[in-house]
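# Structure assessment
Now for the letters of each chain:
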Amino acid sequence: METHAGLIQLPRIFRESVCEECGWSEATFYRKAKGENSFSNAEKDKILAVADTLLKNIQEQNSKHRGRS
């Protein structure tokens, strides 16, 4: 099922998108993710925007599949 495959890949896509948006390496992503209060307000905004976009894309994909029934 396409939805399952998309959800399985979500952590990788999220990580890659955040790294691209913030100009981070994968190691920096994990180092910052482990720390407390390690994100600036701008970084938090970018991370939330990435999450919103990815979740919106999944919701749109699911809506398309519902329309096929």
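In the block above lies the structure referred to throughout.
All of the points below concern the structure found in this document. Owing to the predicted nature of the structure, the values given are computational and were not obtained by experimental measurement.

Regarding its fold elements, the protein presents 3 helices and 0 strands. A compact globule built from 69 residues should have a C-alpha radius of gyration of about 11 Å, whereas the protein, at 14 Å, is more than 25% larger. Each of the three principal axes of the protein carries a C-alpha extent, and together these read 45 × 20 × 20 Å. For the protein, the proportion of its 69 residues judged to be buried stands at 22%. For the protein, the share of sequence-separated contacts (at least 6 apart) that also reach a separation of at least 24 residues comes to 50%.

Our next topic: helix 2 (residues 26-34). Within the sequence span of helix 2, burial applies to Thr 28, Phe 29 and Lys 32. Angular distribution of buried residues about the axis of helix 2 spans 105°; they occupy a single face of the element. In helix 2, those exposed residues whose orientation departs by more than 90 degrees from the buried face are Ala 27, Arg 31 and Lys 34.

To continue, consider the nonpolar core. Counting 8 residues, the largest nonpolar core is built from Val 18, Cys 19, Cys 22, Trp 24, Phe 29, Ile 47, Val 50 and Leu 54. Of all the secondary structure elements, the ones that give two or more residues to this core are helix 1 (2-22) and helix 3 (41-68). Sequence-distant contacts of Leu 54, that is, excluding residues within four places in its chain, are made with Leu 10, Ile 13 and Phe 14.

The next thing to look at is the packing of aromatic side chains. Using the criterion set out here, one finds 3 aromatic pairs in the structure. With centroids separated by 6.3 Å and ring planes inclined at 75°, the aromatic side chains of Phe 14 and Phe 29 adopt a geometry described as edge-to-face. Taken together, the residues span a long stretch of sequence, with Phe 14 in helix 1 and Phe 29 in helix 2 at a distance of 15 residues. Taking the centre distance of 6.0 Å and the plane angle of 25° together, the rings of Trp 24 and Phe 39 count as stacked. Within this pair, whereas Trp 24 is found in the loop between helix 1 and helix 2, its partner Phe 39 is found in the loop between helix 2 and helix 3, the two being separated by 15 residues in sequence. A residue is classified by how much of its surface remains accessible, and Phe 39, at 26% relative accessible area, is partly exposed. Here the aromatic residues Phe 14, Phe 29 and Tyr 30 are joined through ring pairs into a cluster of three or more.

Criteria and thresholds
- Residues numbered from 1 in each chain as written.
- Predicted model: local features only at pLDDT ≥ 70, side-chain atom pairs only at ≥ 80, totals over all residues.
- Heavy atoms only, no water.
- Helix = DSSP H or I, 4+ residues; strand = E, 2+ residues; numbered from the N terminus.
- Rg over C-alpha atoms; globule rule 2.2 N^0.38 Å.
- Buried < 20%, exposed > 50% of the residue type's maximum accessible area, 1.4 Å probe, protein only.
- Contact = heavy atoms within 4.5 Å.
- Arc of directions from axis to C-beta.
- Core = buried A, V, L, I, M, F, W, Y, C linked by side-chain atoms within 4.5 Å.
- Phe/Tyr/Trp six-rings, centres within 6.5 Å; stacked < 30°, edge-to-face > 60°.

Any functional reading would require information that these geometric values do not contain.
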